[in-house]
Structure formats: structure tokens, C-alpha cells
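Report on the structure
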Amino acid sequence: MENKQQLTEQILRMSGVNARKCMRCGKCTATCPSFDEMEYHPHQFVYMVEKGDIEPLMKSESLYTCLTCFACVERCPRNVEPAKLVEAVRLAVIREQGANHLKPQDLPELWDEDLPQQAIVSAFRKYSK
Amino acid sequence: MVFSYYPGCTLKTKAKDLDRYARISAEALGVTLEELPEWQCCGGVYPVAKDEIATKLSSVRALNSAGEMGNDLVTLCSACHNVIKQVNNDMRTDENIVLKVNNYLKLDKPYAGETNVLHYLEMLRDAVGFDKIKEKVTNPLTGVKIAPYYGCLLLRPGSVMQFDDPENPSIMEDFIRAIGAEPVSYSMRNECCGGYVTLENKSLAAKKSNNVLESAVSAGAQMVITACPLCLYNLNKNGSDYDIPVHYFTELLAQALGLK
Ligand code: SF4
Ligand code: SF4
């Protein structure tokens, strides 16, 4: 129980989000370009973090299908900033030892000759520590 | 007019055209872009978490370096622009980040967000002026229907970027008019192309990019312009359902100014 609470507090602190401001309007999910690729939608990140239900989020592929496009941040009428919670949960996962989602040895297979450097540095910043 | 200029890693490699045409056009418009003597990669995406410090240092170094020369800092790649402007905002507003960054960097004078950051488009709009550009155009792109593609990074978060209205921007449309072409209005201009997700999820990036192109093409666009190497890559490579050309806006600027 204690762990669950600590984890929740850590996520809230890292993100700077106040999940209690959410009024459950669903606008973040309605505007999310990745919503049909996310098992947990942005509004679910908000209420699951609020409830302290972090572990299912940590196990979810949704952490890697969020595009960090910030549409949910821009369009939330309550300024909740759901993408910052997605980021904090992802960091809670990849900051664990050996938990990098993308490894340098994965690159040769993913790379193509037109791929801009920007894509590679961005993906490493998002998926690895 | 003199500005410090931060090109970023991609403009030195895969996106040389974005950089090259920006430099020659600036010169023709009476703007001197002085590349920062030393700069490091911004990291591509803004480190969102409040406790990320080391990942913000390269941006602060660039900001401080321009500040020491007494210059505003011009960026061009949408991603660098997003990262550097957001980090600058942290240095203006987040005491914890300011303290830790300055403790680490030990600059001659602590940095607290004093440098002003401008995207190249903002420099065109606010320092040069679109009217002035119009006067200098010798080779107008008359009758060409161009879809301005903003994507996410130029605009969001609107409160920090302060680049344009994040839901109803007009700077690229005004740019298109200045070079004599016709802006096409379409609904997906500020929606995501899929971004870096293309690295491990091509199908997701393909869906997003094709959605953008479908919207532009059905509005009658003959061409799409962008300021972002990754948007260009996604729209070209992953938006394969549509055959519409995608160009850097600087390339068209150089062309209109008769430099290409
Ligand atoms: S930042 Fe992520 S969660 Fe938010 S709208 Fe974009 S893809 Fe969806
Ligand atoms: S848009 Fe904001 S207020 Fe509405 S559900 Fe999403 S987080 Fe909650």
C-alpha cells in the first residue's frame, strides 16, 4: 500500500500535474491522434494516476504510442496536462536499471537512410535512460 | 540586423537544404545569422519531467552563449525551437531548475532566461516583415496552392511557445502570401505527423501522415511546406498514399527571392 502511494506521489511530483483538477470531460482523449492505438487513453491516465492505479499503466504499450504531440495539453479546458503524466509514468519505467525500451543494438534494424538524426535522438530521449 | 543562430544536428546532415536556403535568404533580406561558435544537440524533444536537469543543459548553454554576445537566438528546426524555447521558459519560471542548472554550469553570470528566442519564421514576421519580403520577391510563386503544415512542435504548448494562435495560426499563410503563392486552408495543419514514433511503429506514423496529406490534398493543395525535418520525412516516407511534394519553407523563400 505504502509503495503504491509513494509511486503515485513520485508520478505527480515528476509531472507537476494536479490530477484532481480533471472534470472528466474526455476532451483530451477526443483530440488525441493516437487514441485508437492507446490501450489507456489520456483521460484514463489522469484518473488512474489520481486513484493510484499506476502499475497497469507502467505495463502498457500506451507509453510508447503516445506521440507527445501535446494536443491533450493544449486542449484540456482544466489545464490538467495529461501528456505530462504519460511522460512521468514512462520515466518511472525506463529509469529502472535495465529497463530501456530502445537499445542501441536495435538501431540497425530500425534505421533507414532518409531518417533524420532528430528522430533517433528524440526516440532515445523518450525511450531510454 | 544580427542574430545568433542555432542550426542543430539534423540541419548539418539530413536537412542541409533547410539550413542552406535559410542562410542565403536571410543574407538577401539584410539579416546576418551568426552560427553559435559552439553548440550541442538539443536532444530533439523537450524533457518534460520537472526533475530532468542534465537533459536541459545543452539548450541553456546555447541560450547563454547568445546572451553573452548580446544577441537574440534564432532557431529553425521546429524541434530545436520547441526544446530551446521550453527550456528557456523553465529558466524563467522554475526556481528549482534554475538553481540546479546554474550550480552545475557555473557560468560567469547565472542564466535566468534573459535571451530572447525566435523561430526563423518569427524573425521573418517580426524583424524583417512580410511586406518587406514581398517587395524583395523577384520570382513569385504565382498561382501555386500551398498547404502550410505546422505540426505540433511550432505551436504547442501555446502558452510557452507564443509563436502564433495554437488553434488558428496564420504565420505560414502570411509567409505563403508574401512569396506570391496561395495558402490552402485545411483542418489537419496543426495535427501530428507521428513524429519519432516512426522509428519503431511505422504503421502508426503512416496513418497520421496520410491523414495530414489527405486533408491537404482534398483542400486542393499542390504542395506542402514545413519547418521540420521529421515532418518532412514522415510526410514523404510514411505518407505514401499521396504523391504531393513536401518542401522546406526556406527552399521556397530562396526560390522566390531568385536565389535558387
Ligand atoms: S500527447 Fe500523447 S496522449 Fe496527448 S494527445 Fe498527443 S498522443 Fe495523445
Ligand atoms: S481534457 Fe482535461 S479535464 Fe477533460 S478529461 Fe482530459 S484531463 Fe480531464
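Residues numbered from 1 in each chain as written. Chains lettered and ligands numbered in written order. Predicted model: local features only at pLDDT ≥ 70, side-chain atom pairs only at ≥ 80, totals over all residues. Heavy atoms only, no water.

**Some remarks on the overall build of chain A**
This is how the line gets drawn: The helix count covers DSSP runs of H or I at least four residues long, the strand count covers runs of E at least two residues long, and both are numbered beginning at the N terminus. The reference for a compact globule is 2.2 Å times residues^0.38; the radius of gyration itself is calculated from the C-alpha atoms. With a 1.4 Å probe rolled over the protein chains alone, any residue whose accessible area is under 20% of its type maximum counts as buried; one over 50% counts as exposed, and the rest are partly exposed. Any two residues having at least one pair of non-hydrogen atoms within 4.5 Å are treated as being in contact. The protein chains shown are the only cover counted for residues, whose accessible areas, like all others here, come from Shrake-Rupley with a 1.4 Å probe. Charge counting treats Lys and Arg as positive and Asp and Glu as negative, with His and both chain ends excluded. One atom stands in for each charge, and that atom is NZ of Lys, CZ of Arg, CG of Asp or CD of Glu.
Assigned secondary structure in chain A consists of nine helices and zero strands. Written out in order from the N terminus, the α and β elements of chain A read α-α-α-α-α-α-α-α-α. Expected size for 129 residues packed as a compact globule is a radius of gyration near 14 Å; at 15 Å, chain A falls within 12% of this value. Every one of the 129 residues in chain A was classed for burial, and the buried ones make up 53%. Relative to all contacts within chain A whose residues are 6 or more apart in sequence, the contacts with residues 24 or more apart total 66%. In the structure as shown, chain A presents an accessible area of about 6,400 Å², 48% of it carried by carbon and sulfur atoms. Put simply, chain A has 17 plus and 18 minus side-chain charges, and the middle of one group is 10 Å from the middle of the other.

**A look at the nonpolar core**
To be explicit about the condition: To define a nonpolar core, start from buried Ala, Val, Leu, Ile, Met, Phe, Trp, Tyr and Cys residues and group those joined through side-chain atoms within 4.5 Å. Domain boundaries shown here were taken from an automatic or database domain assignment.
Y120(B), L124(B), F175(B) and F249(B) are the most contacted members of the largest nonpolar core, which has 137 residues in total. It is helix α7 (residues 82-94) of chain A that provides the largest number of residues to this core, a total of nine residues. Residue-level mapping places this core at the junction of two domains, with at least three residues from each of domain 1 (2-120) and domain 2 (132-256) of chain B. Every residue in contact with F249(B), bar those within four places of it in the chain, is listed here: L18(B), L76(B), H119(B), Y120(B), L121(B), L124(B), F175(B), I225(B), T226(B) and A227(B).

**Things to note about unusual backbone geometry**
Here the bond from R156(B) into P157(B) is cis, since omega is -5°, no more than 30 degrees from zero. Its location among the elements puts P157(B) in the loop between β5 (145-148) and α7 (158-161). One non-glycine residue with positive phi stands out, namely N79(A), at about 60°. Among the secondary structure elements, N79(A) is positioned in the loop between α6 (71-75) and α7. One non-glycine residue, Q162(B), lies in positive phi territory at about 45°. In this structure, Q162(B) sits in the loop between α7 and α8 (171-178). Given the relative accessible area of 59%, Q162(B) is considered exposed.

**A closer look at the interface of chain B and chain A**
To be explicit about the condition: Buried area, as used here, totals the accessible surface that two parts lose on assembly, with accessibility defined by a 1.4 Å probe and the loss added over both. Any Lys or Arg side-chain nitrogen located within 4 Å of an Asp or Glu carboxyl oxygen qualifies as a salt bridge. Whenever two N or O atoms come within 3.5 Å, that pair is a polar contact, provided that in protein one can donate a hydrogen and the other can accept it, and provided that, for residues adjacent in sequence, both atoms are side-chain atoms. Each residue gets one label: Ala, Val, Leu, Ile, Met, Phe, Trp, Tyr, Cys and Pro are nonpolar, Asp, Glu, Lys and Arg are charged, and the others, such as Gly, are polar.
Listed by partner, the interface residues are 46 residues for chain B and 41 residues for chain A. Buried surface at the junction of chain B and chain A, both sides included, amounts to about 3,800 Å², of which 57% is carbon and sulfur. Where chain B packs against chain A, one counts 10 salt bridges. Joining chain B to chain A, the criterion identifies 22 residue pairs in polar contact (both at pLDDT 80 or more). Contributions of two or more residues to the side of chain B that touches chain A are made by α3 (78-93), α9 (202-218) and α10 (229-238) of chain B. Of the residues belonging to the side of chain B that touches chain A, the class tally is 24 nonpolar, 10 polar and 12 charged.

**A closer look at the site of ligand 2**
All names here are of chain A. We apply this condition: We call a residue near a molecule or strand when any one of its heavy atoms sits within 4 Å of it.
Surrounding ligand 2, one finds 14 residues, the nearest of these being C22, C25, G26, C28 and C76. Within the residue set of the shell around ligand 2, elements represented by two or more residues are α2 (27-31) and α3 (42-51). In the shell around ligand 2, the residues fall into nine nonpolar, two polar and three charged.

**Details of the sheet that holds strand β3 (residues 73-75) of chain B**
Residue and element names in this part refer to chain B. So the rule is basically this: Strand pairing requires that DSSP identify at least two bridges connecting the strands. Axis definition: a line fitted to C-alpha atoms, over the contacting stretch in the case of helices. Angles run 0 to 180 degrees between N-to-C directions.
Strand order across the open sheet formed by four strands is β2-β1-β3-β4, with parallel pairing between neighbours. This sheet does not close on itself; its edge strands, each paired only once, are β2 (32-35) and β4 (117-119). Adjacent strand axes in the sheet meet at a mean angle of 40°, parallel and antiparallel pairs treated alike. Helix α5 (residues 120-128) rests against β1 (2-6), β2, β3 and β4 of the sheet, and its axis sits at about 95° to β4.

**Describing the layout of surface pockets**
All names here are of chain B. For the record, the criterion: Using a grid of 1 Å spacing that covers the protein atoms alone, one calls a set of points a cavity when a 1.4 Å probe fits there but cannot get out, and a pocket when the set is open and has protein on both sides within 12 Å along at least five of seven lines; lining residues are those with an atom within 4 Å of a point. Grid points are joined across faces, edges and corners, and a volume is the space filled by probe spheres set on the points.
Space inside the largest pocket adds up to approximately 350 Å³. Per element, the largest residue contribution to the lining of the largest pocket is four residues, and it comes from α3. Of the residues contributing to the lining of the largest pocket, the split by class is eight nonpolar, seven polar and seven charged. Here the lining of the largest pocket spans two domains, since at least three of its residues come from each of domain 1 (2-120) and domain 2 (132-256).

**Observations concerning the packing of helix α2 (residues 57-68) of chain B against helix α4 (residues 95-105) of chain B**
For any two helices packed against each other, one specifies the crossing angle of their axes together with the interaxial distance. Residue and element names in this part refer to chain B. Put simply, the test is: Put simply, angles under 35 degrees are roughly parallel, angles over 145 are roughly antiparallel, angles from 65 to 115 are roughly perpendicular, and the rest are oblique.
Packing of α2 against α4 brings their axes to within 11 Å, and their N-to-C directions diverge by 75°. Regarding the angle of α2 to α4, the classification is roughly perpendicular. From α2, L57, V60 and R61 reach across to α4, where they touch V101, Y104 and L105. For the contact of α2 with α4, the per-class residue count stands at five nonpolar, no polar and one charged.

**Section: the packing of α3(A) against α7(A)**
All names here are of chain A. This is how it is decided: Crossing handedness is defined as follows: a turn of the near helix away from the far one that is anticlockwise and smaller than a right angle gives a left-handed crossing, while the clockwise case is right-handed.
For the pair α3 and α7, the least separation of the axes is 9 Å and the interaxial angle reads 70°. Looking at the two axes, α3 sits roughly perpendicular to α7. Crossing geometry of α3 relative to α7 is assigned as left-handed. Contacts between α3 and α7 involve P42, F45, V46 and V49 on the former and, on the latter, P82, L85, V86 and V89.

**Here's the deal with the pairing of β5(B)**
For β5(B) and strand β6 (residues 182-183) of chain B, the ladder comprises two bridges, and the chain directions are parallel. Its bridge partner being in β6(B), I146(B) is matched across the sheet by P183(B).

**What to know about empty space enclosed by the protein**
Residue and element names in this part refer to chain B. Inspection of the entire model under this criterion finds five cavities of 30 Å³ or more. Of the voids in this model, the largest cavity is the one considered here, and its volume is about 170 Å³. Every residue lining the largest cavity is counted, 19 residues in all, and those nearest its centre are C152, L153, G195, Y196 and L230. Residue classes in the lining of the largest cavity are distributed as 13 nonpolar, six polar and no charged. Three or more residues apiece are contributed to the lining of the largest cavity by two domains, here domain 1 (2-120) and domain 2 (132-256).

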